[in-house]
Amino acid sequence: MRFSVLASGSTGNAIYIENDEHAFLVDAGLSGKKLESLFASIGRDMGKLDGILVTHEHSDHIKGLGIAARRHKVPIYANAKTWTAMDGLVGEIPADQRFHFDMETVKSFGGLDIESFGVSHDAADPMFYVFHENGRKLALITDTGYVSDRMKGIIGASDAYVFESNHDIGMLQMGRYPWSVKRRILSDVGHVSNEDAAVAMSEVLAEKPTRIYLSHLSKDNNMKDLARMSVEQTLQTKGIIVGDYVDLFDTSPTEATPLVVV
């Protein structure tokens, strides 16, 4: 199993996952042209996708979904409430490309199992995914106001994580956003801070080589170096030293991470 975070942030989100038989995209939150450029940068072709898995209906996750579906004839998977919420936002998607992926279920594609689970975000029915193959595990979790014990149980002991580290609380509180937006981000249906993300990480990591990709960083209320430092320091207080068995990586809103093996 291999993956690349093609883009991550408020301007657009897309994560590519493949094995030797199948290829999937989680979210298509950028223009069709930009998505194709990102695919080319990792040497892959959108026309060979077996499906696009939708997490929720916010524009930074579905901006290019309709275009990708129609141009490349890609099957689209989402739960019922998300399909309803996307009506009028993604244009016409042919009936034979519309598939339901219910929350808290597993779909199998050959030897690749994809598990869906709910998160806490201000969307109709938001959910993310864990990918399983041959005992290896990749967990994707962003766009959640907190990480519950139930979520931790599902994503625990993964070999790689794409983990939200959205904002520094101090930067957010002192920043230019109106209070209503700040309150939404800080709420249980908003986004996870650097510190809260690290605490959750410390509770799900197993003592084995693990790659963590800090994702969905706010361009206004966070910085890559600050996110990394905050996460490292918090993990260290929990007895986890980055570099021992945990490696941290950055993600970008505009550039794909290298394609790596889980």
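Residues numbered from 1 in each chain as written. Predicted model: local features only at pLDDT ≥ 70, side-chain atom pairs only at ≥ 80, totals over all residues. Heavy atoms only, no water.

As annotated in an unreviewed UniProt entry, the protein carries the name MBL fold metallo-hydrolase and is attributed to Planococcus plakortidis.

Participant: Could you give an account of unusual backbone geometry, naming the residues involved and the relevant values?
Facilitator: Unusually for a residue other than glycine, Asp27 sits at a positive phi of about 70°. Here Asp27 falls in the buried class, since its relative accessible area comes to 2%. A positive phi is found at Lys73, a non-glycine position, where the angle reads about 55°. Along the polypeptide, Lys73 turns up in the loop between α3 (65-72) and β5 (76-78). According to the relative accessible area criterion, Lys73 is exposed, its value standing at 60%. (Buried < 20%, exposed > 50% of the residue type's maximum accessible area, 1.4 Å probe, protein only. Helix = DSSP H or I, 4+ residues; strand = E, 2+ residues; numbered from the N terminus.)

Participant: Which residues make up the packing of aromatic side chains, and what are the values?
Facilitator: Following the criterion strictly, the structure yields eight aromatic pairs and no others. For the ring pair Tyr213 and Phe249, a centre distance of 4.9 Å and an interplane angle of 20° mean the geometry is stacked. A residue pair is termed long-range when its members are at least 10 positions apart, and Tyr213 in strand β12 (residues 210-215) and Phe249 in strand β13 (residues 246-250) qualify at 36 residues. Accessibility expressed as a relative area gives 25% for Phe249, which makes it partly exposed. Ring-pair connections join several aromatic residues into one group, and the members of that group are Phe24, Tyr77, Phe99 and Phe109. If you follow Lys107 out to its NZ or CZ, it ends over the ring of Phe101, 5.5 Å from the centre. (Phe/Tyr/Trp six-rings, centres within 6.5 Å; stacked < 30°, edge-to-face > 60°. Lys NZ or Arg CZ within 6 Å of the ring centre and 35° of its normal.)

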